[in-house]
Amino acid sequence: MAQWKRICTLDEIPRLGARVVERGAPPNIALFRTADDQVFALLDQCPHKQGPLSQGLVTDTHVTCPLHGWRISLVDGQAQGADAGCAATVPVQLEDGWISLESSHESH
Amino acid sequence: MTAHPPLNSLQPRPIAERTRPKLVVVGNGMAGVRTLEELLKLAPDKYDITVFGAEPHPNYNRILLSPVLAGEMTLKEIILNDVDWYENHDIKLNTSSRITRIDRVLRQVFSADGRVEKYDRLLLATGSTPFILPIPGHDLPGVLSYRDIADTDAMIEAASRYHHAVVIGGGLLGLEAANGLRQRGMTVTVVHVMPWLMERQLDRPAAELLKKSLEDRGLQFKLGCETSELMRGEDGRVCALRFKDGSTLATELVVMSVGIRPNTALAESAGLFCHRGIVVNDTLQTFDPRIYAVGECVSHRGIAYGLVAPLFEQAKVAANHLAEYGIACYKGSVTSTKLKVTGIDLFSAGQFMGADDSEDIVLSDPAAGVYKKLVLKDDQLVGAVLYGDTADSAWYMQLLKDAQKVTELRPHLLFGQHHLGDSGHKGETQASSLPDHAEICGCNGVCKGTIIKTIKERGLFTLEEVRQHTKASSSCGSCTGLVEQLLASTVGGAYQPADGLHKALCPCTDHTHEEVRKAIREEHLLTIPQIMTFLVWKTPNGCATCRPALNYYLISSWPHEARDDPQSRFINERAHANIQKDGSFSVVPRLWGGLATPAELRAIADAAEKYAVPTLKITGGQRIDLLGVKKKDLPRMWADLAKSGLVSGHAYGKSLRTVKTCVGSEHCRFGTQRSMALGVRLEKMLFGMWTPHKVKLAVSGCPRNCAESGIKDVGIIGVDSGYEIYVAGNGGIKTVVAQFLCKVASDDEVLEVVGAFLQLYREQARYLDRTVHWVERAGLDFVKQQVVEDLEQRQTLYERLLFALQGTEDPWTEIAANPSHLQEFEVMSL
Ligand code: SRM
Ligand SMILES: Cc1cc2nc3c(=O)[nH]c(=O)nc-3n(C[C@H](O)[C@H](O)[C@H](O)COP(=O)(O)OP(=O)(O)OC[C@H]3O[C@@H](n4cnc5c(N)ncnc54)[C@H](O)[C@@H]3O)c2cc1C
Ligand code: SF4
Ligand code: FES
């Protein structure tokens, strides 16, 4: 059974921004907030060369990796355009303004 | 008055009205299908689409028939849209189905194989047909033209059975056909009626060089010869040509390549106005408003194009109107030519022959096989022919398209943009001379063979596509020239460099940088969402290219008024430190003019120890880099550094970077001016200045120039009587020597001129232009006029800069002291 753990409130992530959640061992989790207040979570590792996606620029439902500019879908982690690769998605919940992650989450 | 709503709004709409309108495309070739691709991008579900194509194949890359004929590629590799593509987009494809009649009243098309299809919109893209000389014997077996897969197959088949071929026509296609047949082992003679080859693209000297290299490859030529008859042999096949002068030439195969004619038969039979093509207006609409036409079959403003690039531009406009956006306009294209014979480098564009009112600049080195001719008129480049060295063809094409004044460039115009050499590929500027395994892109390790293979197999036509698919030229961009050459030699004239003056800011908009800035100024726009709404952005919140640009345009246009948007800044500027490959950051404190006190050095050393900084390094910019700092440690480290007065060096920003100085007259036995003092003054004045790209200055105390002022955005050289100011140098990807701007007598004047120059750059350059790129476009004359000659203008520019910089604070101190800014640096845990 999934154990949901409250991490922060929606307000603690800037719109079109991200926050980093450490989980004991790397990689971290990147929490993203879109312009219309959807929340997504990915492992904070670009499929290209493990760039920290949390540091990227968020547009619509994508993030552009800060290291070499791959564009990754927040929805399914897929690299867009001609690039091929996939970042691992992490289940995330937004309820009553609180963002929760599964506390027993294992890396994919 | 009744309060009833109109009747029809209460009733369910009849089924027929709810089905989608029907779009029928006649001609399953490059222009027609490209229009569909563009349409699907804009309005994927708008139409019920049916395509008719006379050929039995899905859409293929016609221009690559030449490499297929030469045995360098297979037919399978040149398919652009396979059958699945049509299916996935719900497009009904009828192959081997030629439309023979259009009924414009019933709005139906009829095909030779008995199909009837209704249309609401019709798109004609019937291409062109090879012109056949109406001479006796033109229809004999063994006489072919060169247009499609069937022709190519027939030639390949003939090459396997016969030995001797004649190609009539020494134009682009004829030569590619001849080369292909030769590659397949035939002896080939090219018969051409004009005195030199490719007379519509080349002048005589270039054509002579071309002829010589083709002769070296085993082709034979008969120039100035008019064919009067094709003679029939005993087996019924063509056996010889007879010329006007009565002489004959034996052969087993004749390929006629003497030109093309727009294929207008169908349109004419339907009563559409045609004149050397189906006549269309600037929206690609024919005289029947329901019928559009694109490609080689159309005549636009009196011109029928025979190359792919203009057709693609037409496709974009036609799609825009079919999607009922109604805003695009086709105004014609400037085209250039490239012969796709492996190893031959040739380029021609514009009015290459020159005329009485134009001037030629010519370089001719026949022994080296190099010929270049540039044609200038009214100080603009209007034509070019390059043979043997086409490294600068994209640059010339850009100058030509943009109709840019070349007054200042003139002395070195012929030597090209690249004569100083970019870094990263062993100084090579000629792609054709490199072997397949040569590394083209030094950043991403992509070699020539890979780039060519990808261009062919993926059907790429633009630089942007090559960047996406191969990564070549997508990082520092120094190999762009080489990649453009490879693209041009692979797809011929189908590659046309992008328009330099009217370049859209990014794919989210069609507006140029200049238009966006104008709107910000004139409409007093203050936020990114306001810009996007006002200029009708195509994406909800932009992309990683436009958002940082818009943010810069806002804060530079409305200082103290527009608010900075951290989420639209690249991470380095958001975190005020440079991100490293492992996600850690580097910290470079400012050392004004490269000077340091013992206390500052001690503070740096202490911080390095306290935060276990793995690497301390002296940078190329006269300061110290602390590399490998964890993001969450940044604010505390900054607070520590601030105690000794150290502030941000902005090593991460599109902003003032360094002011490099030499020791100057303060210490040096040769020094004429106090370069350290002036450098520090400049750096203090410009501290915290955001700019389109980074800005670097240098001040040297005498012409020995130990601070390398010659390769800086602004370089100052002290002389006995004052200072020389140089601008627009660059020491990075491409070394560019700074140009002399003016000489002044005092420190104060230096500050004012430099301030005015940089303010003009801030106001006019496009985001990510270094000063060199901007001055190249704006012209040094203009810059001089604004900041040297017009004293009033200089003064106002300078004042605007000082106003923008008023009250600038050190971002490090500000963040470290302000808990509300710390969120960016804090990490949460699970
Ligand atoms: C640290 C330093 C190298 C060093 O160890 O010496 C450096 C490091 C970087 N340079 Fe540089 N450049 C450094 C001096 C230079 C110089 C020399 C100079 O400033 O005198 C040049 C050539 C001069 C010039 O700019 O004209 C230089 C030309 C570049 C370029 C090419 C710019 C161009 O327009 O051609 C880039 C790429 C870019 O900016 O897009 C670049 C980009 C970079 C980046 C920011 C790459 C990146 O995007 O991550 C590097 C960041 C490393 C880091 O995390 O710290 N760096 N870089 C130097 C910092 C100087 C400083 O104190 O601020
Ligand atoms: C060998 C060769 C090399 C070339 N090299 C270059 C080059 O290097 N660079 C460059 O820019 N251009 C090159 N071109 C020209 C380029 O291929 C054309 O400009 C381009 O293909 C024209 O596109 P289009 O859609 O107008 O016509 P096409 O691609 O010819 O498409 C028209 C299609 O319509 C079909 N059709 C015609 N009438 C009907 C009808 N009534 N019913 C149904 N279908 C019909 C035809 O069968 C054809 O398939 C080359 C052409 C050839 C033949
Ligand atoms: S510091 Fe500059 S030259 Fe060195 S690897 Fe990085 S970008 Fe390239
Ligand atoms: S690591 Fe993300 S693009 Fe390279």
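Residues numbered from 1 in each chain as written. Chains lettered and ligands numbered in written order. Predicted model: local features only at pLDDT ≥ 70, side-chain atom pairs only at ≥ 80, totals over all residues. Heavy atoms only, no water.

Caption draft 1: Structural view of the overall build of chain A. Along the backbone of chain A there are zero helices and nine strands. Each helix and strand of chain A, ordered N terminal to C terminal, gives the series β-β-β-β-β-β-β-β-β. Projecting the C-alpha coordinates of chain A onto the three principal axes gives extents of approximately 35 × 30 × 20 Å. Across the 108 residues that make up chain A, the buried fraction comes to 51%. Contacts in chain A between residues far apart in sequence, at least 24 positions, make up 40% of those at least 6 positions apart. By element, 44% of the accessible surface of chain A is carried by carbon and sulfur atoms, the whole surface being about 4,900 Å². When the 8 basic and 13 acidic side-chain charges of chain A are each reduced to a single mean position, those positions are 5 Å apart. (Helix = DSSP H or I, 4+ residues; strand = E, 2+ residues; numbered from the N terminus. Buried < 20%, exposed > 50% of the residue type's maximum accessible area, 1.4 Å probe, protein only. Contact = heavy atoms within 4.5 Å. Areas by Shrake-Rupley, 256 points an atom, 1.4 Å probe, with all protein chains shown as cover. Lys, Arg positive; Asp, Glu negative; His and termini not counted. Charge placed at Lys NZ, Arg CZ, Asp CG, Glu CD.)

Caption draft 2: Representation of the sheet that holds strand 3 (residues 29-33) of chain A in the model. Within the open sheet, the four strands sit side by side as 4(A)-3(A)-2(A)-37(B). Their pairing is mixed. A strand with exactly one partner marks an edge of an open sheet, and here the two such strands are strand 4 (39-43) of chain A together with strand 37 (828-829) of chain B. With five bridges joining them, strand 2 (residues 17-22) of chain A and strand 3 of chain A adopt antiparallel strand pairing. In the sheet register, alanine 18 of chain A faces strand 3 of chain A, and the bridge partner there is phenylalanine 32 of chain A. (Pairing = 2+ DSSP bridges.)

Caption draft 3: Layout of the domain arrangement of chain B. All names here are of chain B. What the domain assignment lists for chain B is domain 1 (15-127 + 262-322), domain 2 (143-258), domain 3 (336-494), domain 4 (513-569), domain 5 (572-642) and domain 6 (656-805). Across the contact, 15 residues belong to domain 1 and twelve residues belong to domain 3. When the two sides are added together, the surface that domain 1 and domain 3 hide from each other amounts to roughly 1,100 Å², 61% of it contributed by carbon and sulfur. Applying the counting rule to domain 1 against domain 3 returns zero residue pairs in polar contact (both at pLDDT 80 or more). Residue assignment for the side of domain 1 that touches domain 3 shows that the elements contributing at least two residues are helix 2 (30-42), helix 3 (65-69) and helix 9 (308-322). For the side of domain 1 that touches domain 3, the residue count by class is ten nonpolar, two polar and three charged. (Domains from an automatic or database assignment. Buried area = accessible area lost by both parts, 1.4 Å probe. Polar contact = N/O pair within 3.5 Å; in protein donor to acceptor, adjacent residues only side chain to side chain. Nonpolar A, V, L, I, M, F, W, Y, C, P; charged D, E, K, R; others polar.)

Caption draft 4: Broad picture of the interface of chain A and chain B. Across the contact, 32 residues belong to chain A and 30 residues belong to chain B. Of the roughly 2,400 Å² buried where chain A meets chain B, counting both sides, 59% is carbon and sulfur surface. Counting the surface chain A buries against chain B, the share from its top three residues, Arg19, Gln55 and Leu57 of chain A, is 26%. Taken together, the links from chain A to chain B amount to two salt bridges. Of the charged contacts, one joins glutamate 22 of chain A and lysine 632 of chain B as a salt bridge, the two residues approaching to 3.4 Å between their closest N and O atoms. Applying the counting criterion to the chain A and chain B interface returns twelve residue pairs in polar contact (both at pLDDT 80 or more). Counting only elements with at least two residues in the side of chain A that touches chain B, the list comes to strand 1 (4-9), strand 2, strand 5 (57-59) and strand 9 (98-102) of chain A. Looking at which element gives the most residues to the side of chain A that touches chain B, the answer is strand 2 of chain A, with five residues. Among the residues forming the side of chain A that touches chain B, the class breakdown is 16 nonpolar, six polar and ten charged. (Salt bridge = Lys/Arg side-chain N within 4 Å of Asp/Glu carboxyl O.)

Caption draft 5: The confidence of the model for chain B, seen in detail. Residues and elements named next belong to chain B. Per-residue pLDDT for chain B averages 92, and the proportion of residues at 70 or more is 96%. Segment residues 1-17 is flagged for pLDDT under 50; beyond a separation of four residues in sequence, or across chains, it makes two contacts in the model. For this predicted complex, the interface confidence comes out at an ipTM of 0.84, alongside a pTM of 0.78. (pLDDT = per-residue confidence, 0-100.)

Caption draft 6: Quick peek at unusual backbone geometry. In this chain, proline 26 of chain A is followed by proline 27 of chain A through a cis amide linkage whose omega measures 0 degrees. Examined against the element boundaries, proline 27 of chain A turns out to sit in the loop between strand 2 and strand 3. Positive phi, normally seen in glycine, also occurs at aspartate 37 of chain A, with a value near 65 degrees. Of note, asparagine 705 of chain B is a non-glycine position whose phi angle comes to about 60 degrees, a positive value. Of note, asparagine 705 of chain B is situated in the loop between strand 33 (695-700) and strand 34 (714-719).

Caption draft 7: View of the pattern of salt bridges. Residues and elements named next belong to chain B. All told, the structure shown has 47 salt bridges over all chains when counted by the stated rule. Where glutamate 522 meets lysine 518, a salt bridge forms, and the shortest distance between an N and an O atom there is 3.9 Å. Highlighted residues: glutamate 522 and lysine 518, both in helix 15 (residues 513-522), separated by four residues, approximately one helical turn. On the basis of relative accessible area, glutamate 522 is assigned to the exposed category, the value being 54%.

Caption draft 8: Summary view of the packing of aromatic side chains. Residue and element names in this part refer to chain B. A full pass over the atoms with the stated rule returns 13 aromatic pairs over all chains. Seen in terms of ring centroids, tryptophan 638 and phenylalanine 825 are 5.6 Å apart; in terms of plane orientation they differ by 85 degrees. Their pairing is edge-to-face. One end of the pair, tryptophan 638, is in helix 20 (residues 634-642); the other, phenylalanine 825, is in the loop between helix 26 (811-817) and strand 37, with 187 residues separating them in the sequence. Look at phenylalanine 825 and you get buried, because its relative accessible area is 4%. An aromatic cluster is defined as three or more aromatic residues linked by ring pairs; in this entry it consists of Tyr552, Tyr553 and Tyr767. Positioned above the aromatic ring of tyrosine 47, the side-chain terminus of lysine 46 is 5.8 Å from the ring centre. Above the ring of phenylalanine 825, the side-chain terminus of lysine 631 is found at 5.9 Å from the ring centroid. (Phe/Tyr/Trp six-rings, centres within 6.5 Å; stacked < 30°, edge-to-face > 60°. Lys NZ or Arg CZ within 6 Å of the ring centre and 35° of its normal.)

Caption draft 9: Summary view of the nonpolar core. Residues and elements named next belong to chain B. One finds Leu175, Leu181, Leu210, Leu214, Leu339 and Ile451 to be the most contacted residues of the largest nonpolar core, which totals 72 residues. At six residues, helix 14 (residues 480-491) tops the list of elements feeding residues into this core. Counting residues in hydrophobic clusters, the runner-up holds 49 residues, among them Cys506, Ile520, Leu591 and Ala607. (Core = buried A, V, L, I, M, F, W, Y, C linked by side-chain atoms within 4.5 Å.)

Caption draft 10: Geometry of the site of ligand 2. Residue and element names in this part refer to chain B. Near ligand 2, the surroundings consist of 35 residues, among which Ala31, Glu55, Arg147, Glu296 and Lys340 are the closest. Separating a nitrogen atom of ligand 2 from a backbone N or O atom of valine 491 is a distance of 3.4 Å. Considering only residue class, the shell around ligand 2 consists of 16 nonpolar, 13 polar and six charged. (Near = heavy atom within 4 Å.)

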